[in-house]
Structures are given as structure tokens and as C-alpha cells.
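# Structural characterization, general
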Amino acid sequence: SKQHNQSHSLHIIEQRKGERAMAAQAETIEVPSDAELLQAQADLWRHSLYYLTSMALRCAVEHEIPTAIHRLGGLASLPDLMTALSLPSVKMPFLGRVMRVLVNSGVFATDNDSESGVELYRLTPLSRVLVHGVVADEHHSQKYFVLGVTSPHYTEAALGLADWFKKDTEPPVQSPFEEKFGVPLFDEKTALLDEELDAVVNKGLAAHDNLGIATILRECGDIFKGLESLTDCCGGDGTTARALVKAYPHIKCTVLDLPKVIDKAPTDGVINYVAGDLFHTVPPSQAVMLKLVLHFWSDEDCVKILAQCRKAIPPREEGGKVIIIEIVVAPSLGPVMFEAQLLMDMLMMVNTRGGQRDEKHWSELFKKAGFTDYKIVKKLGARSVIEVYP
């Protein structure tokens, strides 16, 4: 009808007016105040240049500056460091600038010598975990973790992120790393890409996984009490399992890992080593532990792994459970821990098919794998200890 046509025409006119207004708005922009603009500029510098802090940290680790300070008695002046590191004196002012950035970001701290007024560098908890070549209980140097995550391969994969987003591919979606280099990370094929990278990332992974074992045993000891047997999936050389048996000698511990890892494991009779693949079979035990394993894998693969773990344990009434140590992403831990969790998720996204998950996401995976319940036992720093029940 005529009335209907008029109403339709009016609707189109109004729609076009709205589109023109939006177009006009898109061509103009609200200008921040002077204070906001100056703050935005400083924030832009910080966010665009944070990679230089990472590279300064890499430089310090490559020169083993934390180790040098430790060996100099825990305090070192700039000239002390230059001598200890055998660096040419012409570079001293430049090292001072690198150290200034690292002090500002909490890697090192400074004191002033009371007599001479000379600035002295000392270790912080962060740089203590970077001291290398020292054998001590509970000390696992994170040198290779830093060298791995700041390596040219990792950074090159991250630089390809924008191009990676444009490519429409069939699932499972490869990581930017895999797409760039043609092989996955933490895989038998990684060595074919670069043997040195493979060695560094595997050493870094082992050190990263072993850091904080004693803390878990002290803070969450109750989860191991009463257990008769436990299988540590992807337990590597058995460092975690040995710490567990030392604290709880009554637990019979089995380590499951790939044949290439088990071949190098120490045969001391304390730990039972089984070469295998957790996708196909998990040695039966009262509890199965997955410590920092699932974040490397996609949701589909996590469900397969968890289903194998469920088959390996008895019913809940008989003490059957899976112990998972992983990040549970949550802003409630505060901005610094939350940022660390999100950056670890980005690390996984760029270099693996896995990721860090929030509680809802974990809960869905447990349900899909056939578990009936779970409990977050404790939050330790950026990670959580979770018990999952059949």
C-alpha cells in the first residue's frame, strides 16, 4: 500500500542519515586532554619498547651477571662486574645503562657503599633464580627458560602474528611457530629445525617445571598423604617424583615419559620409569599427576589425555584422583600475577596449540573427559593445584 511504501522510504532515509552521521564521526576523534596525551605517550613508549627490557634480561643471562654477583659475595660495583665478566672497559657506561633498566624492573637492586658512595648491585629473588652452576636444594636455575623464550625463533614467530591471523585454515589450527618453521615446538622434529634451540627449550622446560616443587610439597602436603601410588605423567628425569618420595617414602612413584626421555633417566631403584605416550596408556595408580602438561595441548587433546588418566585410577571412594598443577587464569590474584598469566597464555598461543585456561574452561574439560567433580586445593603464585575426581 501507499502508506507502507512511505513508511519504508522514511526508514531508508533515517538509516542513511544514521550511516552519514557514523561516517562523519569516524572521520573525527575525541582529542585527549593534555595530561592524558602526555600519559598516553609515555604508555605507548613503555608498551612498544618492553621487548628491550626482555633483551636486557637476555643479555644479563647470557653474560651470567646474576652468577657473577653471587660469586662476588652478593654485592658488586660496575667495575667489579666489568672485571668479573672480562668485558672491555670502553663498554662500562653501556653496561651501567642496561643494569639501570634491570634495577628499575626488579631484576636487580642497588645499595650505596657507605664509605665510597659507589653504587653496588645485589640480587633480588628474581635474579637469584637466574644464578647458574650452583648446586643447592630447591635451586633450579631459570637461565635456559629466559634464553628459550627470548630466542630468535620465538620472537620471529611472534612477529608473524598479524599475517597468521589473516590465514583461513582448517582445524586443528597450527601455532604461528609451527606455521613459520614447519615443525612444532617440544617435538621430536624440533631438533631438525635447530639442535641448539631444541636443547635450550628442553633444558628451560625442565628447569621451569622443577621450580617450586618443594613449595608445593610444603603448602599442599595433604593431597599426597594417604596415597599408596602415583604416576607422574611427563615427569622427565624424575626430579619431582624423587622430591615426592623423599617427603613421602610410602608412595610408590612411577614416571611416564617418552622413550627418548626415559632412556636418559637415572636408574636408582627409587622411581619406576615407564616409556610411553600419555595419549595411549597411563600406568595404573591411585593418583595421576599432570604438572604443567595440559597447557601445551589443545582442548581436544586435553580431553583425550584426561580420559586416559581417568582409566588409570580407581573410584573416588578408593582415593582415585588426578592432581593437576596449572595456571587458572583469574584477575583476582592482582594485576601483576594476572599479567604474568596472560603473557604465559600468549606464549602458548604463539608457540604451541595450547593455552592457559580459566576455571570455567577447566571445568568444561573435566566434564568432557568423564570426571564428576574437582576442587582447587590451593593457589600458589600464578599457578593452582587442582584435584579432579572420577
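Rules used throughout
- Residues numbered from 1 in each chain as written.
- Predicted model: local features only at pLDDT ≥ 70, side-chain atom pairs only at ≥ 80, totals over all residues.
- Heavy atoms only, no water.
- Axes fitted to C-alpha atoms, helices over the stretch in contact; angles between N-to-C directions.
- Helix = DSSP H or I, 4+ residues; strand = E, 2+ residues; numbered from the N terminus.
- Parallel < 35°, antiparallel > 145°, perpendicular 65-115°, else oblique.
- Left-handed = near helix turned anticlockwise from the far one by under 90°.
- Contact = heavy atoms within 4.5 Å.
- Nonpolar A, V, L, I, M, F, W, Y, C, P; charged D, E, K, R; others polar.
- Domains from an automatic or database assignment.
- 1 Å grid on protein atoms, 1.4 Å probe; cavity = no way out; pocket = protein on both sides within 12 Å on 5 of 7 lines; lining within 4 Å.
- Points joined across faces, edges and corners; volume = space filled by probe spheres on them.

### A few points about the packing of helix H16 (residues 299–312) against helix H18 (residues 359–368)
Between H16 and H18, whose axes approach to 8 Å, the crossing angle comes to 50 degrees. What the angle tells us is that H16 and H18 run oblique. In this structure, H16 crosses over H18, and the sense of that crossing is right-handed. Within the contact between the two elements, H16 uses Asp299, Cys302, Val303 and Leu306 and H18 uses His361, Leu365, Phe366 and Lys368. Among the residues forming the contact of H16 with H18, the class breakdown is five nonpolar, one polar and two charged.

### A few points about the environment of Leu72
Inspection of the secondary structure assignment puts Leu72 in the loop between helix H3 (65–71) and strand E1 (75–76). The spatial distance from the C-alpha of Leu72 to the C-alpha of Arg122 is 9.9 Å, given a sequence separation of 50 residues. If we skip the residues at most four places from it in the chain, Leu72 touches Asp80 and Ala84.

### A short note on the domain arrangement of the chain
Each assigned domain of the chain is listed here: domain 1 (47–134), domain 2 (149–205) and domain 3 (219–389). When each unit is reduced to the centre of its C-alpha atoms, the spacing between domain 1 and domain 3 is 36 Å.

### Considerations on the layout of surface pockets
Of the voids in this model, the largest pocket is the one considered here, and its volume is about 2,500 Å³. Lining of the largest pocket is provided by 49 residues; of these, Leu57, Phe145, Ala340, Leu343 and Met344 occupy positions nearest its centre. Elements that contribute at least two residues to the lining of the largest pocket include exactly helix H2 (34–62), helix H5 (92–104), helix H7 (143–149), helix H8 (152–159), helix H13 (213–219), strand E8 (321–329), helix H17 (335–351) and strand E11 (383–389). Here the element with the most residues in the lining of the largest pocket is H17; it accounts for eleven residues. The class makeup of the residues in the lining of the largest pocket is 31 nonpolar, 16 polar and two charged.

### Examining empty space enclosed by the protein
Under the defined criterion, the tally for this structure stands at three cavities of 30 Å³ or more. The volume enclosed by the largest cavity comes to roughly 170 Å³. Considering the residues around the largest cavity, the lining is formed by 18 residues, among which Phe145, Tyr154, Phe186, Leu205 and Leu347 are closest to the centre. Of all the secondary-structure elements, those providing two or more residues to the lining of the largest cavity are H7, helix H12 (195–210) and H17.

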